[in-house]
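Commentary on secondary and tertiary structure
Here is how the chains run, residue by residue.
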Amino acid sequence: MPEARAPSADPLLQPYRLKHLTLRNRFMSTAHEPAYTVDGMPAERYRLYHVEKARGGIGLTMIGGSAVVAADSPQAFGNIQLHKDEVVGHLARLAEAVHEHGAAVMIQITHLGRRTSWAKEHWLPIVAPSPVREPAHRAFPKAAEDWDLARILAAYADAAERVKAAGLDGLEFEMYGHFIDQFWSPATNKRDDEYGGSLDNRLRFGFAVMRAVRERVGPDFIVGTRMVCDEDWDRGLSRQEGLEIARRIAASGDIDFINVIRGHIDTDEALSHVIPGMGARSAPHLDFAGEVKAATAFPVFHAARIQDVATARHAVASGKLDLVGMTRAHMADPHIARKVREGREHEIRPCIGMGYCIDSIYGGEALCIHNPATGREATMPHEIVRSDGPARRVVVVGAGPAGLEAARVAAARGHQVTLLEAAAEAGGQVRLTAALKRRREIIGLIDWRVAECERHGVAMRFNTYAEAADVLAEKPDIVVVATGGLPNLSFLDAGEDLVTTSWDILSGAARPGETVLLFDDNGAHPGMTTAEFLAEAGAKLELVTPERSLAPDVGGTNFPAYFRAFSRHGVKTTLNLRLEAVRREGNGLVARLFDEYGRTHQERRVDQVVVEHGTLPLDELYFALKPASRNLGAVDHEALIAGRPQAMAANAAGGFMLFRIGDAVASRNIHAAVYDGLRFALAF
């Protein structure tokens with residue numbers, strides 16, 4: 001029998017009773033759509049993602065970010081299609097699995113209204129209260145007619161009935177930026193009928209939906225709302241009206257909780273304040289959520305950049321929240337609640353607020369920048385277990401994110417790990433990014449891995465430039481080369497010796513010039529980070545890219561912060577030009593640029609040309625070790641994908657297995673680096 005634990009005084013570990021349902025603690029993961037559905041169904045991948053949070057001790061996980069109730073509300077990013085009867089079986093399996101681990105599960109339901117695209121699935125026209133286009137999703141809606149309202153109301157009730165039939169613990173309406181609250185906001189409701197004008201009229205449809213759902217599911221089923229209580233916008237719903245709506249909803253008897261949102265989401269810039277990212281202050285809307293609770297005397301939930309346990313604890317202890325949403329934090333570590341309960345708070349993998357999880361949804365699936373097991377629960381573990389094979393001597397060269405992850409996992413597997421790093425401290429390229437004040441939190445993914453390596457007994461040697469003889473002296477069974485790369489200037493026809501790299505700028509090796517051309521042919525954070533750094537340093541900057549859009553690999557919640565900085569400092573941005581060469585002219589430099597569309601050349605005369613073009617592998621050590629290795633550096637991709645040990649032995653005389661990972665293979669990103677480190681080391 002497990003040892004009985006004394007009741008905890010921690011506010012976060014106190015049970016919470018919501019109607020008939022008792023939640024085991026105050027932790028929740030709010031609704032979000034990770035784009036893991038299969039044909040709109042929450043199948044195995046979706047189920048395992050939420051089950052992991054239940055295993056990790058969470059009280060409530062809310063699935064189905066914007067699960068859609070009707071066919072004319074097509075998926076924006078993999079939404080659950082709640083209008084199909086076949087969804088019930090999938091939801092039932094998910095609910096049963098979550099319940100087995102002691103957590104509750106609810107679902108968010110919605111009609112997206114104008115917040116989607118008509119050019120999907122059935123190509124039906126999208127509807128909204130008025131024909132006001134949403135900039136973010138770019139579609140022009142038709143104004144909903146009476147028969148649209150009748151069928152959408154019925155669709156909500158039908159969807160709620162499916163949720164109840166599946167055995168979920170409840171549901172919440174999505175009422176921020178979607179169909180129901182598009183009626184509430186003066187910015188989106190221009191109607192002159194009984195659904196427009198006065199607040200009573202604007203609320204008419206939403207209250208009709210709430211009543212219809214309550215009648216369908218009965219008085220005992222839990223129904224809540226995630227709603228905007230202040231659009232923080234001179235065109236939109238005011239704080240005064242938002243609080244009044246919250247009071248009316250609380251008094252209606254049809255709703256059991258309010259999940260508070262502040263802000264509007266119709267543009268990427270607006271969304272970046274509703275879901276604040278790296279560099280924003282902690283919990284910026286928490287006090288406002290407390291005001292809603294005080295005004296309504298009602299159960300109130302909230303999530304917005306509550307990343308750490310201390311802030312979450314304050315939110316509950318101060319009475320501002322009843323349940324605290326740590327959604328992105330649970331993507332970084334789904335076992336937060338269990339670690340708090342077991343006194344292992346220091347082991348929690350921190351959310352660094354980078355927003356890679358959200359931005360990667362639009363690329364096809366939600367991924368955490370430094371937890372590659374998130375969304376891959378079927379193949380990748382969140383907790384590393386010891387190997388049942390022999391302990392091996394593992395040498396990892398390079399203490400960037402790839403090398404640290406490989407060392408952490410190999411040591412947790414029970415192997416004897418030595419980590420060699422040429423620099424005085426760990427971090428690699430991540431330390432360059434952290435040079436920008438707004439992005440300093442990113443160093444958290446390094447600090448956590450260093451602490452975990454220390455906890456698992458990794459022998460870390462810094463200021464050690466490892467050569468082949470140094471590695472072989474350790475008599476390794478496995479060598480992991482994670483030496484990263486160096487800035488790639490090989491694309492230039494001339495002037496490689498005249499340009500400055502992004503690394504030079506961010507490391508402080510080169511001072512920013514007065515007039516600077518930054519050529520970004522990477523299209524990701526490194527170029528944008530360098531541009532913001534240069535702008536903040538006072539450079540007169542032109543950011544040039546050969547792409548048809550700026551930084552295509554930087555997502556919608558991240559680029560607004562860069563653009564705000566560019567706007568403040570007057571940064572000029574130029575598309576569709578490729579840097580070919582640089583020459584010296586007097587005291588300055590001349591950059592030759594090629595316009596592929598016009599087949600013409602342009603020139604810029606500046607003090608400094610800065611280049612961001614990814615990296616080339618720093619691979620001398622790898623190739624020096626390759627002839628003596630058992631596998632000659634070869635990787636069995638099928639085994640890697642399947643999670644099996646690498647068994648290739650092309651060189652019977654070789655004494656060790658050799659692998660290279662991260663940017664030592666090719667220029668990629670942090671997530672690719674840590675994923676390499678995890679899956680290779682799991683097979684040791």
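Residues numbered from 1 in each chain as written. Predicted model: local features only at pLDDT ≥ 70, side-chain atom pairs only at ≥ 80, totals over all residues. Heavy atoms only, no water.

In this section: the overall build of the chain. Within the chain, the regular secondary structure consists of 22 helices and 27 strands. Over its C-alpha atoms the chain spans a radius of gyration of 27 Å, differing by no more than 12% from the 26 Å that the globule rule assigns to 684 residues. Oriented by its inertia axes, the alpha-carbon framework of the chain measures out at about 75 × 70 × 45 Å. Among the 684 residues that make up the chain, the fraction classed as buried is 61%. Sequence-distant contacts, at least 24 apart, represent 71% of the contacts inside the chain between residues at least 6 apart. Accessible surface, the chain: about 26700 Å² in total, of which carbon and sulfur atoms supply 50%. Of the charged side chains in the chain, 78 are positive and 88 negative, and the gap between their average positions amounts to 2 Å. (Helix = DSSP H or I, 4+ residues; strand = E, 2+ residues; numbered from the N terminus. Rg over C-alpha atoms; globule rule 2.2 N^0.38 Å. Buried < 20%, exposed > 50% of the residue type's maximum accessible area, 1.4 Å probe, protein only. Contact = heavy atoms within 4.5 Å. Areas by Shrake-Rupley, 256 points an atom, 1.4 Å probe, with all protein chains shown as cover. Lys, Arg positive; Asp, Glu negative; His and termini not counted. Charge placed at Lys NZ, Arg CZ, Asp CG, Glu CD.)

One can describe the packing of helix H1 (residues 44-55) onto helix H2 (residues 87-100) by two numbers: an axis separation of 9 Å at closest approach and a directional angle of 20°. As summarised for this structure, H1 and H2 are arranged roughly parallel, according to the angle between their axes. As for the relative orientation of H1 and H2, their crossing is right-handed in sense. Counting all contacts with H1, which are made through Tyr46, Arg47, His50, Val51 and Ala54, the residues of H2 involved are Arg93, Leu94, Ala97 and Val98. Grouping the amino acids of the contact of H1 with H2 by side-chain chemistry returns 6 nonpolar, 1 polar and 2 charged. (Axes fitted to C-alpha atoms, helices over the stretch in contact; angles between N-to-C directions. Parallel < 35°, antiparallel > 145°, perpendicular 65-115°, else oblique. Left-handed = near helix turned anticlockwise from the far one by under 90°. Nonpolar A, V, L, I, M, F, W, Y, C, P; charged D, E, K, R; others polar.)

With 12 residues, H1 extends 16 Å between its outermost C-alpha atoms, agreeing within 8% with the 16 Å of an ideal straight helix rising 1.5 Å per residue. Taken residue by residue, H1 has Tyr46, Arg47, Tyr49, His50, Val51, Glu52, Lys53 and Ala54 as its buried positions. Residues of H1 that are buried sit in contact with strand S3 (27-29), strand S4 (60-68), H2 and helix H10 (327-332). Just downstream of H1 lies Gly57, where phi reads positive at about 100°. (Expected span 1.5 Å × (residues − 1).)

With that out of the way, let us pick up empty space enclosed by the protein. Over the atoms, a rolled probe matching the size of one water molecule traces out where space is still vacant. Enumeration according to the criterion identifies 4 cavities of 30 Å³ or more in this entry. Surrounding the largest cavity, 36 residues form its lining, Ala31, His32, Tyr176, Ile275 and Ile358 being those nearest its centre. Among the elements of the structure, S4, helix H7 (268-274), H10 and helix H12 (356-361) are those that each provide at least two residues to the lining of the largest cavity. Per-element accounting of the lining of the largest cavity gives the leading share, 4 residues, to H10. Residues that form the lining of the largest cavity fall into these classes: 20 nonpolar, 10 polar and 6 charged. Its boundaries defined by the atoms lining it, the second largest cavity holds a volume of some 140 Å³. Looking at the lining of the second largest cavity residue by residue, the classes come out as 4 nonpolar, 6 polar and 5 charged. (1 Å grid on protein atoms, 1.4 Å probe; cavity = no way out; pocket = protein on both sides within 12 Å on 5 of 7 lines; lining within 4 Å. Points joined across faces, edges and corners; volume = space filled by probe spheres on them.)

The next point concerns the UniProt feature "domain: NADH:flavin oxidoreductase/NADH oxidase N-terminal" (unreviewed entry) in the chain. UniProt's feature table lists "domain: NADH:flavin oxidoreductase/NADH oxidase N-terminal" (unreviewed entry) at residues 12-346, given in the numbering used throughout. Each end of residues 12-346 is marked by a C-alpha atom, and these two atoms are 16 Å apart; helix forms 37% of the span and strand 16%. (UniProt positions renumbered as here; feature names shortened; annotations may be inferred.)

Another aspect to go through is the packing of aromatic side chains. Applying the stated criterion to the full structure yields 14 aromatic pairs. Judged by centre distance (5.2 Å) and plane angle (90°), the rings of Phe179 and Phe183 are edge-to-face. With a gap of 4 residues between them, Phe179 and Phe183 both fall in helix H4 (residues 179-184), about one helical turn apart. Across the pair, Phe183 and Phe179 agree in class, each one buried. Seen in terms of ring centroids, Phe659 and Phe680 are 5.4 Å apart; in terms of plane orientation they differ by 45°. Their pairing is tilted. Placement of Phe659 in strand S27 (residues 657-660) and of Phe680 in helix H22 (residues 670-682) is noted, with a sequence separation of 21 residues between them. For Phe659, a relative accessible area of 2% corresponds to the buried category. On the basis of relative accessibility, which here comes to 8%, the residue Phe680 falls in the buried class. Among the aromatic side chains, those forming a connected cluster through ring pairs are Phe179, Phe183, Tyr195 and Phe205. It is Arg376 that lies over the ring of Tyr675; its NZ or CZ is 3.8 Å from the centre. (Phe/Tyr/Trp six-rings, centres within 6.5 Å; stacked < 30°, edge-to-face > 60°. Lys NZ or Arg CZ within 6 Å of the ring centre and 35° of its normal.)

Counting 105 residues, the largest nonpolar core has Ile107, Phe173 and Trp184 as its most contacted members. At 8 residues, the largest contribution of residues to this core is made by helix H5 (residues 199-217). Dropping the residues within four chain positions of it, Ile107 is found in contact with Met62, Ile63, Gly64, Ala67, Ile80, Leu82, Leu91, Val163, Leu168, Gly170, Leu171 and Glu172. (Core = buried A, V, L, I, M, F, W, Y, C linked by side-chain atoms within 4.5 Å.)

Let us look at the sheet that holds strand S12 (residues 323-325). Spatially, 8 strands are ordered S3-S4-S5-S8-S9-S10-S11-S12 in a closed barrel, and the strand pairing comes out parallel. Across the sheet, the axes of successive neighbouring strands diverge by a mean angle of 30°, strand direction being ignored. Seen against the sheet, H1 touches S3 and S4 and runs at an angle of roughly 150° to S4. Along the sheet, H2 makes contact with S4 and strand S5 (104-110), crossing S5 at roughly 145°. (Pairing = 2+ DSSP bridges.)

Turning next to the UniProt feature "domain: FAD/NAD(P)-binding" (unreviewed entry) in the chain. Mapped onto the present numbering, the UniProt feature "domain: FAD/NAD(P)-binding" (unreviewed entry) falls at residues 393-626. Counted over residues 393-626, helix gives 29% and strand 29%. Its end C-alpha atoms are 18 Å apart.

Taken together, the buried positions of helix H8 (residues 286-296) are Leu286, Phe288, Ala289, Gly290, Val292, Lys293 and Thr296. At the C-terminal side of H8, Ala297 shows a positive phi close to 50°.

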